[in-house]
Every structure is written in C-alpha cells, then in structure tokens.
Amino acid sequence: MPAATDPAAVLGARYRIPSLGRRLLGGALRFVPLLVLWVGVPYYAFRAAGQYGVHSPISLPALGTIGLFVAFLSAASYVLKPTRLYGPVSFVGSLLVIGYLLSIVPSATLTLTVGNGVNVSLGYGTLVLFLLAAPILSALSALVTAAEDAVDPLERLSVDFPP
C-alpha cells in the first residue's frame, strides 16, 4: 500500500505521477552514472593531469565528497520532482556545482615541460567559467520552480505529469 505522503497516492488518477518505487529506481539509475561523472572522471583526470603540473585547489577526497553530494542531490531531485522539495533540492545541487567549478578556476593552468627547460602553460579558466552557464541557469530555474510551488504546488504537476 502506498504511503499517504506519496503524491502518487494522494493525487490518485488526477496526474500520472510515477509511484515512489519507480521514482526511487529512476533516481538510483541516475545516481550511478552521475557518480562516475562527478567522482570517477574528475578523480582520474586530476591524478593524470597532476603529472603535467595541474593541481586541484581541493584535495582528491574532498573532490570525491563534493561529487558524491552532487550525484546524490541530482538523484534526490528526480525522486522529489512531484513534491515541493524539488525546487530547493535542485537549487542546492546547482549551488554545489557552481562552487565546485569556481574552486577550479584559480588553478586552471596546465604546465607542460617540452624539453631543455622550456615550459608551456595553457590556461583553461575561461573554459571553466563558460561551463558555469548551465548550473547558473539550473539554479535560476530551481528558484522559479520553488517560488511557483509555494504559490500553487499543483500547477507544475499538470505539465510534468499530465493526466
């Protein structure tokens, strides 16, 4: 029997809201690749780049912890989409991504030793700043969603989960 706090049980057939179990499965299926993307890829990229003079401003364990939280919040926002918590959880996840990317910018220089003491430095800070566009737009979208849900929590459901 579905829990009384589950929107699918409360709203019945009015909207096609997936059951909590289906949303949890979807969140888990989203969590695994995001964990690879936010923890595995940066960890190995910074370890490999460390051989060429690139050093992360944050430690690798902290990098993994931040990646874990970002992946978890993204999966949680998927599970919470039909609830009022969707906007705030998405906003916190976007802020974490923004903070993570901003922490990379100060040390975003790749230094290669070509030979005979010649070093070539390549800065990629501008590229990281361009990457901030997506999480900033996501944070703004989450704020609008949270405000919209505060006024009328059912308005969004008719678009996200039409009958």
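Look up: the structure comes first, before these words.
In this text, all values refer to a predicted model and were calculated from it rather than measured experimentally.

Colleague: Report on the overall build of the protein, specifying residues and quantitative values.
Modeller: Counting its regular elements, the protein contains seven helices and two strands. When the helices and strands of the protein are listed from N to C terminus, the series reads α-α-α-α-β-β-α-α-α. Put simply, the protein has 163 residues, and 31% of those count as buried. Contacts in the protein between residues at least 24 apart in sequence constitute 64% of all its contacts with a sequence separation of at least 6.

Colleague: Pulling in residues and values, what's your account of the pairing of strand 1 (residues 109-115)?
Modeller: Residues in a regular strand project their side chains so that they alternate between the two faces of the sheet. With six bridges joining them, strand 1 and strand 2 (residues 118-123) adopt antiparallel strand pairing. The partner of glycine 115 across the bridge, within strand 2, is valine 118. In sequence, strand 1 turns back onto strand 2 through a hairpin of two residues, with asparagine 116 there showing a positive phi of about 55°.

Colleague: Which residues make up the packing of aromatic side chains, and what values go with them?
Modeller: Going through the model one piece at a time under the given rule, you end up with two aromatic pairs. Note on tryptophan 38 and tyrosine 100: the rings are 5.7 Å apart at their centroids and 75° apart in plane angle, and the pair reads as edge-to-face. Separated by 62 residues along the polypeptide, tryptophan 38 in helix 2 (residues 20-50) and tyrosine 100 in helix 4 (residues 86-104) bring together distant segments of the chain. For the pair tryptophan 38 and tyrosine 100, a shared accessibility class is recorded, and that class is buried. Relative to tyrosine 44, the ring of tyrosine 43 lies with its centre 5.2 Å away and its plane at 85°, an arrangement referred to as edge-to-face. Among the residues examined, tyrosine 43 registers a relative accessible area of 30% and is labelled partly exposed. Take tyrosine 44: its relative accessible area is 58%, and that puts it in the exposed class.

Colleague: Tell me about the layout of surface pockets, and name the residues and values.
Modeller: Taken as a whole, the largest pocket encloses approximately 400 Å³ of empty space. Taken together, 20 residues make up the lining of the largest pocket; nearest its centre are Ser74, Ser90, Gly93, Ser94 and Ser138. At the level of secondary structure, the elements contributing two or more residues to the lining of the largest pocket comprise helix 2, helix 3 (60-79), helix 4 and helix 6 (133-151). The space that makes up the second largest pocket amounts to roughly 320 Å³. Along the wall of the second largest pocket there are 14 residues; nearest its centre are Pro42, Phe46, Tyr100, Leu101 and Ile104. When residues of the lining of the second largest pocket are traced back to their parent elements, those giving at least two are helix 2, helix 4 and helix 5 (125-131). Among the elements that take part in the lining of the second largest pocket, helix 2 stands out by supplying seven residues, more than any other.

Colleague: Account for the nonpolar core, with residues named and values stated.
Modeller: Trp38, Phe46, Leu63, Val97, Tyr100, Leu101 and Ile104 are the most contacted members of the largest nonpolar core, which totals 15 residues. In terms of residue count, helix 4 provides more of this core than any other element does, five residues in total. Those residues within four positions of leucine 101 in sequence are excluded, and the remaining contacts are Val128, Leu131, Leu132 and Pro135.

Colleague: If you had to explain the environment of glutamine 51 to someone new, which residues and values would you point to?
Modeller: Along the polypeptide, glutamine 51 turns up in the loop between helix 2 and helix 3. C-alpha separation for the pair glutamine 51 and leucine 112, spaced 61 residues apart in sequence, amounts to 9.2 Å.

Colleague: Report on helix 6, specifying residues and quantitative values.
Modeller: With 19 residues, helix 6 extends 27 Å between its outermost C-alpha atoms, agreeing within 8% with the 27 Å of an ideal straight helix rising 1.5 Å per residue. The complete set of buried residues in helix 6 reads Pro135, Ala139, Ala142, Thr145 and Asp149. The arc enclosing the buried residues of helix 6, seen along the axis, measures out at 125°, which places them on a common side. Away from the buried face of helix 6 by more than 90 degrees, exposed residues Leu137, Val144 and Val151 are located. Buried residues belonging to helix 6 abut helix 4, helix 5 and helix 7 (155-160).

Quick notes on the rules
Residues numbered from 1 in each chain as written. Predicted model: local features only at pLDDT ≥ 70, side-chain atom pairs only at ≥ 80, totals over all residues. Heavy atoms only, no water. Helix = DSSP H or I, 4+ residues; strand = E, 2+ residues; numbered from the N terminus. Buried < 20%, exposed > 50% of the residue type's maximum accessible area, 1.4 Å probe, protein only. Contact = heavy atoms within 4.5 Å. Pairing = 2+ DSSP bridges. Phe/Tyr/Trp six-rings, centres within 6.5 Å; stacked < 30°, edge-to-face > 60°. 1 Å grid on protein atoms, 1.4 Å probe; cavity = no way out; pocket = protein on both sides within 12 Å on 5 of 7 lines; lining within 4 Å. Points joined across faces, edges and corners; volume = space filled by probe spheres on them. Core = buried A, V, L, I, M, F, W, Y, C linked by side-chain atoms within 4.5 Å. Expected span 1.5 Å × (residues − 1). Arc of directions from axis to C-beta.

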